[in-house]
Structures are given as C-alpha cells and as structure tokens.
Amino acid sequence: MQLPVQLRQPGKVKPYGSIPRINWRHPLAKNLAVYGYDVGGTVIDLINGGMGFTTTATAVGRGASRFGSGYKYTNGGGAVRLPFTPRINSVAPPFSIACSFFVTSAPASGVFFCLADTSAFGQPIYCAADSATAMRQGFNNGGADITYTASSILNDYHTMIGVGVSTSSTIAYFDGVSQGTGTTDPTVSFPTAAPTFNSFDLDGLSGNTTSGFLYYGALWTRALTASEALQLHLDPYCFLIYPEDEIFSTIVGSVVTAPQTFTFGPRWSDGEFSTEIVSY
Amino acid sequence: MATNFLEAAGTSGFIATPFNLMTTELNALASTANVVSSVGGTSGVFTQTNFANAIWGEVQFLAGGAFTPAAGGYIAGWFLLSPDGGSTFERANYASAVDLPRPPDFIIPFANVATAANDVFMASGLVRLPWWSTKLYIGNRTGVALSASGHVIKCGPVAIQY
C-alpha cells in the first residue's frame, strides 16, 4: 500500500524549480487542454509536450521574483509562444482561459496571455490590460470584451480568468473574484491559433507591454466554477506533482505497515490551506 | 518514536559518485542542434546500475570553455527510454531545433553572460531518474554553438533516509 501525502505548503510561490507533471486526479485538472508553465528557464506545455520559443528574434531574458523565477518580460521586448495544438483550433464554450502574473510597471494596451493568430489583432480569447488599473478579458476576437477596474496590479501576484460558459454567457475573474459577465457568444474558429505570452501576434510583436513575470497560461475545455477560480488564485500549483513531492509519498508508503483503521475524506479546503490524502 | 527524514549523506551529498552523461558529444554542438549520448555508460546507454538505483539526481553542465548564450538560452535534456533493456529507444532522429514531443526531463538555463572553463550550471530543480535503460537526448537551445571542447553533463544520484 502506498499513501501519497502532499506536504508542501500551498500558496502562490512556485514551490520548486523542477519540472512538474499534471496530477490528473485533481479536480482542477479536468479538461485541461493547455498548460504553459514557466519552469524557470523556459515555458513547457505540460499537457501537449511542446516547449515555448520566442515569436521573433527579440529574446526574453530571465529573472527572479518573490513568486518564482522565470522569463522576465520587458515592455517592448520579446514574446513566447507554445506550439500549435489541434485541441484549441476552435474555441467554443464551455472553455476557460487563465494566467498569473507579477508586473512591475504599467502595461499599455498589452496582453499577458492569449490564443494568438498570425495577425496583430486576431486573437480569439485573451487576458490583457489597458493600464495598471484597467483590465481586459477578451472573447471572440475582441467582440465581447469584459473590462473592469482593479486596484493597481503592480508589484503583486495576480490571476486573470476568462470563462466562456455558454453561447450567451461569459464571466471574468480577477484574483478569484468575479468582475463581470457578458452575453455575447464567445465562439470562434481559429485553426492556427497558438498559446502566446506577451503578444497578440503568434509570429510577431503586438501588445508586448508586460514588464515582469508570467508564471503560467492555461486553457480548459470546460467552465471553471467560482470556487475553482478562487482556488486557482490562492493555490495555483495544487494540481501539479513535482519530483520533490514524490519523495514524501515514497517514504510514507514505506512506513505505513499496519492495516488502515481510519478513513480520510477525499479532500478538504478552507481556502487558504488544503490537504489531499489519497489511499489506494 | 519520531524519526526525522533526512538527506542521505553519501559522499559530498551524493549516494554514488557523479558520472558523465555526455562529454565529447557536446563539442561544438551547433545552435538548435540535437545530439544523442554515445560515449558515457555503455556506448551512451545508461542503466539503473549507472544511476545507483537512485530515484532522484542533480544534473549539471560543466563548461569546457567560453561561449555566450543568448538571453533566455537553455539546454534541454530528455532520457530516451528503452522498453527492452537497451536495444530500441524512443525515436530521436529529429531535425535540428525539433524537440521531443513530451516535456523534457530537465532543462539547464543560462545567463546571457560568457561562460568560462569549469563554470557549473545546474539543472532547474531535482531530476527524476529513469527506471528503464536510457540514452540522453540533448537539445542545444542556448542560441549559440557550444565551444569546441571540454563540456560535460554530469548526473549525481541523491537519496533520502530516515
């Protein structure tokens, strides 16, 4: 019998610098279609296996932040895209897009993460900002944006989520809290779209005004719930398994020799701290 | 009685002496080029014996001389697994700049600064070592060619104990 116990402290800081894999047993991983994760040196799509590359000859340097190290984007600097995947060649509800970021100066009509096409403003869905306080959750090539005001986004960790609930319903979440809804159909067919960081254009530079870090960009082919949106902000890496996590699962498994005389619930969470104990 | 989980001491922290995964294969490796191990282990094939049956390892790149990686440059490494004990391996004959179609097993990031002989660059985090026989597949994504000689990629097996 093995008894995996995840002991790491949940939170917004990347727990380790190593390359994780998806814990497909975790509810948040259900229908996850793209997960571009910055491992501190490059972005890896942990779902489809592709590795990020710069969209133009303009490179992106690296840096360290208090939420983890990785690509450090600069205003006017390079962008990173992931390889095309047919999983996302038609974006129809239900779907969800999410990214997290830490920026140090105000973006100006810039984008953090999007599904980008080959034209400068052909992007089916995106997480963007017009300034340090004006956020833009884009749907359907800009035809149904939800805009909202936030407190200054500078110098702290933030999460943007856009959800296409149905052909008549969209929701935007910021830091796990709903910021508004829309009614325009977010459906769009985009056979050549690719997940892209810091550009609206998958093979060029447009809207590349991010100054700071983009820790991940993700797409689900389902609608995240309000509670999932909050959990994703509070504990964004809860559905990843790092090699370091498995140290403890192996050791605990070797220690437990007595028959089980107790039963754990599958999961509990009070919002700030969660523990998952699974026996099999 | 409570018992602490500790890092196994080994020698200098390693439970087996760090060994070379790649050496001369890296000589003057062109930018975007890929290469498969052919020297270390047994003609480039490594087994659990090489890894001392360890589950985790620390991987490092030891520079043999000067080259200046581009901003954001890195080396990506995959263990090419063999399902039959070392006869056949995952496909590896990919064109330059083409990655394996799964996440790498480790990456080694570089700063945009010239390297010097004996500079050490660590992989990003702990690396889980393979159960199966394996070769190593390396993609040079530093943005430049590696210099002529002396580069080494090493693996040091580590463990814990209680």
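This text follows the structure it describes.
Quantities reported herein were computed from a predicted structural model and do not represent experimental measurements.

Draft legend 1. Layout of the overall build of chain B. Looking only at helices and strands, chain B features one helix and eleven strands. For chain B, the N- to C-terminal ordering of α and β elements is β-β-β-α-β-β-β-β-β-β-β-β. Compactness check: chain B gives a C-alpha radius of gyration of 16 Å against a globular reference of 15 Å for 162 residues, within 12% of the reference. In terms of overall dimensions, chain B has a C-alpha envelope of 55 × 35 × 25 Å along the principal axes. By the burial criterion, 46% of the 162 residues in chain B qualify as buried.

Draft legend 2. Region of interest: the interface of chain B and chain A. With 25 residues of chain B in contact, the opposing surface of chain A contributes 28 residues. Both sides of the chain B and chain A interface together cover about 2000 Å² of buried area, and 68% of this is carbon and sulfur. Applying the counting criterion to the chain B and chain A interface returns zero salt bridges. In this assembly, chain B and chain A are joined by eight residue pairs in polar contact (both at pLDDT 80 or more).

Draft legend 3. Up close: the packing of aromatic side chains. This model, assessed by the stated rule, comprises 30 aromatic pairs over all chains. For the ring pair A:Phe67 and A:Tyr157, a centre distance of 5.3 Å and an interplane angle of 55° mean the geometry is tilted. Of this pair, A:Phe67 sits in the loop between strand S5 (61–65) and strand S6 (68–73) while A:Tyr157 sits in strand S14 (residues 157–166), and the two are 90 residues apart along the sequence. A centroid spacing of 6.4 Å and a plane angle of 45° characterise the contact between B:Phe46 and B:Phe51, whose relative ring orientation is tilted.

Draft legend 4. The sheet that holds strand S9 (residues 133–141) of chain B, seen in detail. Residues and elements named next belong to chain B. Across the sheet, which stays open at both edges, the four strands sit in the order S3-S9-S5-S6 with antiparallel pairing between neighbours. Each end of this open sheet is capped by a strand with a single partner; those strands are strand S3 (34–36) and strand S6 (106–109). Taking each pair of neighbouring strands and ignoring which way they run, the sheet shows an average axis angle of 20°. With four bridges connecting them, strand S5 (residues 74–82) and S6 associate as antiparallel partners. Note on S6: the bridge partner recorded for Tyr74 is Pro109.

Conventions adopted
- Position numbers for residues count from 1 along each chain, tracking the sequence in the order it is written.
- In the order they appear in the text, chains get letters beginning with A and ligands get numbers beginning with 1.
- For a predicted model such as this one, the threshold for reporting local features is a pLDDT of at least 70, and the threshold for listing and counting side-chain atom pairs is 80 or more; totals across whole chains, interfaces and linings nevertheless cover every residue.
- Each side-chain value is worked out from all heavy atoms of the structure, with water and hydrogens disregarded.
- Helical segments are the DSSP runs of H or I of at least four residues, strand segments are the runs of E of at least two, and each set is numbered from the N terminus.
- Radius of gyration means the value over C-alpha atoms here, while the globule rule gives 2.2 Å times the residue count to the 0.38 power.
- Between buried and exposed lies partly exposed: a residue is buried under 20% and exposed over 50% of the maximum accessible area for its type, with that area taken using a 1.4 Å probe on protein chains only.
- Contact definition: two residues touch when any of their heavy atoms are within 4.5 Å.
- In short, buried area is how much 1.4 Å probe accessible area vanishes from two parts on joining, totalled over both.
- The salt bridge definition used is simple: a Lys or Arg side-chain nitrogen within 4 Å of an Asp or Glu carboxyl oxygen.
- Polar contact is defined as a pair of N or O atoms within 3.5 Å, subject to the rule that within protein one atom must be able to donate a hydrogen and the other to accept it, and that residues adjacent in sequence are counted only when both atoms are side-chain atoms.
- Pairing of aromatic side chains requires ring centres within 6.5 Å, counting the rings of Phe and Tyr and the six-membered ring of Trp. Pairs whose planes differ by under 30 degrees are stacked, by over 60 edge-to-face, and all others tilted.
- Only strands that DSSP links by at least two bridges are regarded as paired with each other.
- Every angle, taken between N-to-C directions, lies between 0 and 180 degrees, and every axis is a line fitted to C-alpha atoms, over only the stretch in contact when it is a helix.

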